[in-house]
Amino acid sequence: MFQSTGGIGQPHQVLGIVNATAHLMLSSETIDAFESMDQLFVEVQEKLAERATAKGADGIIDIRFNTQSVRVQVAPKFLVVTGYGTMVKLVQE
């Protein structure tokens, strides 16, 4: 399973769009632990690969990521990473 933030230069069939989200609740002691965002990117990439593999894709192209730091009125802060891309199947010419 390959993943790319760009396209690919070989023939392929588009299978659809895949997306995944991961989040982490930060306690008051770790409220500024933004380096935790790195692990969320890994989790999202793993989820994307699992979902695309289940659909028979060989890879995901044009992947984009959105990040958020969300504070709910009475709850702790959440770090959220969402990723989405286009599932493709390579074709032989």
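**Q** How do you make sense of the overall build of the protein when you look at a structure like this?
**A** When helices and strands are tallied, the protein shows one helix and four strands. Order of helices (α) and strands (β) in the protein, N terminus to C terminus: β-β-α-β-β. Burial status across the protein gives 27% buried among its 93 residues. A fraction of 76% describes how many contacts in the protein between residues 6 or more apart in sequence connect residues 24 or more apart.

**Q** What is the right way to read the nonpolar core from this model?
**A** The nonpolar side chains of soluble globular proteins are, as a tendency, buried together. One finds L40, V44, L48 and I60 to be the most contacted residues of the largest nonpolar core, which totals 15 residues. Elements with a minimum of two residues in this core: β2 (12–26), α1 (37–54), β3 (59–71) and β4 (77–90). When residues of this core are assigned to their parent elements, the largest contribution, five residues, is made by α1. Those residues in contact with L40, other than ones at most four positions away along the chain, are A22, H23, L24, L79, V80 and V81.

**Q** Which parts of the structure should I look at to understand the pattern of salt bridges?
**A** If charged atoms from side chains of opposite charge come close, those side chains can pair. A complete count under the given rule lists one salt bridge for this structure. The closest approach of N and O atoms between D58 and K89, which form a salt bridge, is 3.8 Å. Separated by 31 residues along the polypeptide, D58 in the loop between α1 and β3 and K89 in strand β4 bring together distant segments of the chain. Accessibility expressed as a relative area gives 27% for D58, which makes it partly exposed.

**Q** Quick question: what am I supposed to make of the environment of F2 here?
**A** Topologically, F2 is positioned in strand β1 (residues 2–3). You can call F2 partly exposed: its relative accessible area is 27%. Measuring from C-alpha to C-alpha, the distance between F2 and G59 comes to 4.5 Å, with 57 residues separating the pair along the chain. Ignoring sequence-local partners within four residues, the contact set of F2 consists of I8, D58, G59, I60, I61, V88 and L90.

**Q** Explain the sheet that holds β1 here, please?
**A** Sheet strands pair by backbone hydrogen bonding; their relative direction is either parallel or antiparallel. With mixed pairing, four strands are arranged side by side in an open sheet as β1-β3-β4-β2. Edge positions in the open sheet fall to β1 and β2, since each of these has one partner strand only. Packed onto the sheet, α1 meets β1, β2, β3 and β4 and runs at close to 145 degrees relative to β2.

Reading the values: rules and limits
- Residues numbered from 1 in each chain as written.
- Predicted model: local features only at pLDDT ≥ 70, side-chain atom pairs only at ≥ 80, totals over all residues.
- Heavy atoms only, no water.
- Helix = DSSP H or I, 4+ residues; strand = E, 2+ residues; numbered from the N terminus.
- Buried < 20%, exposed > 50% of the residue type's maximum accessible area, 1.4 Å probe, protein only.
- Contact = heavy atoms within 4.5 Å.
- Core = buried A, V, L, I, M, F, W, Y, C linked by side-chain atoms within 4.5 Å.
- Salt bridge = Lys/Arg side-chain N within 4 Å of Asp/Glu carboxyl O.
- Pairing = 2+ DSSP bridges.
- Axes fitted to C-alpha atoms, helices over the stretch in contact; angles between N-to-C directions.

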